[in-house]
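Observations on the model geometry
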Amino acid sequence: MRLLIVEDERRLAAALARGLTAEGFAVDVAHDGVDGLHRAREHPYDLIVLDIMLPGMNGYRVCSALRASGDETPILMLTAKDGEYDEAEGLDTGADDYLTKPFSYVVLLARIRALLRRRTRGGAPVLSLGDLSVDPGAQRVRRGGQEIALTAREFAVLEQLALRAGEVVSKTEILEHVWDFAYDGDPNIVEVYVSTLRRKIDAPFGVRSITTVRGAGYRLERDGGRP
């Protein structure tokens, strides 16, 4: 899943980005409200972590502008302020949750996951592909009722394929949603993860569910794959 952090404290933003990337999220960072609003409008994000006190345009205005345009991306607001009126103002502009600095990273991560689960329950249920099930909210994968352990990044790649089961998903599309837009490493990293997924979700069960479409990308079969 792709997250946007809009935070002008660069050290904090960098620390959050490192931590969330380690959890398997693709993370982009903006350091002012204008850039944050531009990125949020230009790219599809699963969640936005938005500071209130920002240069150029404060978080209240960014949130209000997104909601006015019909953007329903979950927004978790951050602020150094403390008080029920600040929280009320943030929620009134359309934020989904509110966290006051200083905060625990563990709490931040829990809030992010809770917001993503809430969104998932409202829009994307467990994805059932034959005997293969992919649960975006709980980040769990099962084959024939047997749970399969995946890393956060492996799950993110599988989720992108499962969301478009039966369709060809290009390597570029996977990179853009699972890794950040600034990723400049070897694009063949996608092949490595697809190969790992095959070893975990297919090989032990004697099936083939992920097909390579040469020159185009990968397709996860709607029926979960067959021997």
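Everything in this summary refers to the structure shown in the same document.

Parameters at a glance
- Residues numbered from 1 in each chain as written.
- Predicted model: local features only at pLDDT ≥ 70, side-chain atom pairs only at ≥ 80, totals over all residues.
- Heavy atoms only, no water.
- Core = buried A, V, L, I, M, F, W, Y, C linked by side-chain atoms within 4.5 Å.
- Buried < 20%, exposed > 50% of the residue type's maximum accessible area, 1.4 Å probe, protein only.
- Contact = heavy atoms within 4.5 Å.
- Helix = DSSP H or I, 4+ residues; strand = E, 2+ residues; numbered from the N terminus.
- Pairing = 2+ DSSP bridges.
- 1 Å grid on protein atoms, 1.4 Å probe; cavity = no way out; pocket = protein on both sides within 12 Å on 5 of 7 lines; lining within 4 Å.
- Points joined across faces, edges and corners; volume = space filled by probe spheres on them.
- Nonpolar A, V, L, I, M, F, W, Y, C, P; charged D, E, K, R; others polar.
- Axes fitted to C-alpha atoms, helices over the stretch in contact; angles between N-to-C directions.
- Expected span 1.5 Å × (residues − 1).

Another point: the nonpolar core. Formed by 25 residues in total, the largest nonpolar core has its most connected members in Ile 174, Ile 210 and Leu 220. Not counting residues up to four positions away in its chain, the partners in contact with Ile 174 are Val 157, Leu 161, Val 169, Trp 179, Val 190 and Tyr 218. The next biggest cluster of nonpolar side chains, apart from the first, holds 20 residues, and it includes Leu 4, Leu 54, Met 57 and Tyr 98.

Here we take up the pairing of strand E8 (residues 140-143). Burial along E8 is one-sided: Val 141 and Arg 143 are buried, while Arg 140 and Arg 142, pointing the other way, are not. Hairpin remark: strand E7 (residues 132-135) followed by E8, antiparallel, with four residues in the connecting loop; positive phi at Gln 139, about 55°. Across three bridges, E8 lies against strand E9 (residues 146-148) in antiparallel orientation. Across the sheet, the residue bridging to Val 141 is Ile 148, located in E9.

A few words now on empty space enclosed by the protein. According to the stated counting rule, one finds one cavity of 30 Å³ or more in the structure shown. Its residues placed into classes, the lining of the largest cavity shows five nonpolar, two polar and two charged.

Here we have five strands laid out as an open sheet, ordered E2-E1-E3-E4-E5, and parallel in their pairing. Two strands close off the open sheet at either side, each with one partner strand: strand E2 (26-30) and strand E5 (97-100). Each adjacent strand pair in this sheet contributes to an overall mean axis angle of 20°, direction not counted. Looking at chain direction, strand E4 (residues 75-79) and E5 are connected through four bridges and run parallel. Looking across to E5, one finds that Met 77 is bridged to Tyr 98.

The next point concerns helix H1 (residues 10-22). In this model H1 runs 18 Å from its N-terminal to its C-terminal C-alpha over 13 residues, within 8% of the 18 Å that 1.5 Å per residue would give. Taken together, the buried positions of H1 are occupied by Ala 13, Leu 16, Ala 17, Gly 19 and Leu 20. Gly 24, located one to two residues past H1, shows a positive phi value of around 100°.

In this structure, Phe 155 sits in helix H6 (residues 152-163). Considered as a pair, Phe 155 and Gly 24 are 131 residues apart in the sequence and their alpha carbons are 8.2 Å apart. Leaving out residues up to four positions away in the same chain, Phe 155 has contacts with Val 134, Asp 135, Pro 136, Gln 139, Arg 140, Val 141 and Leu 150.

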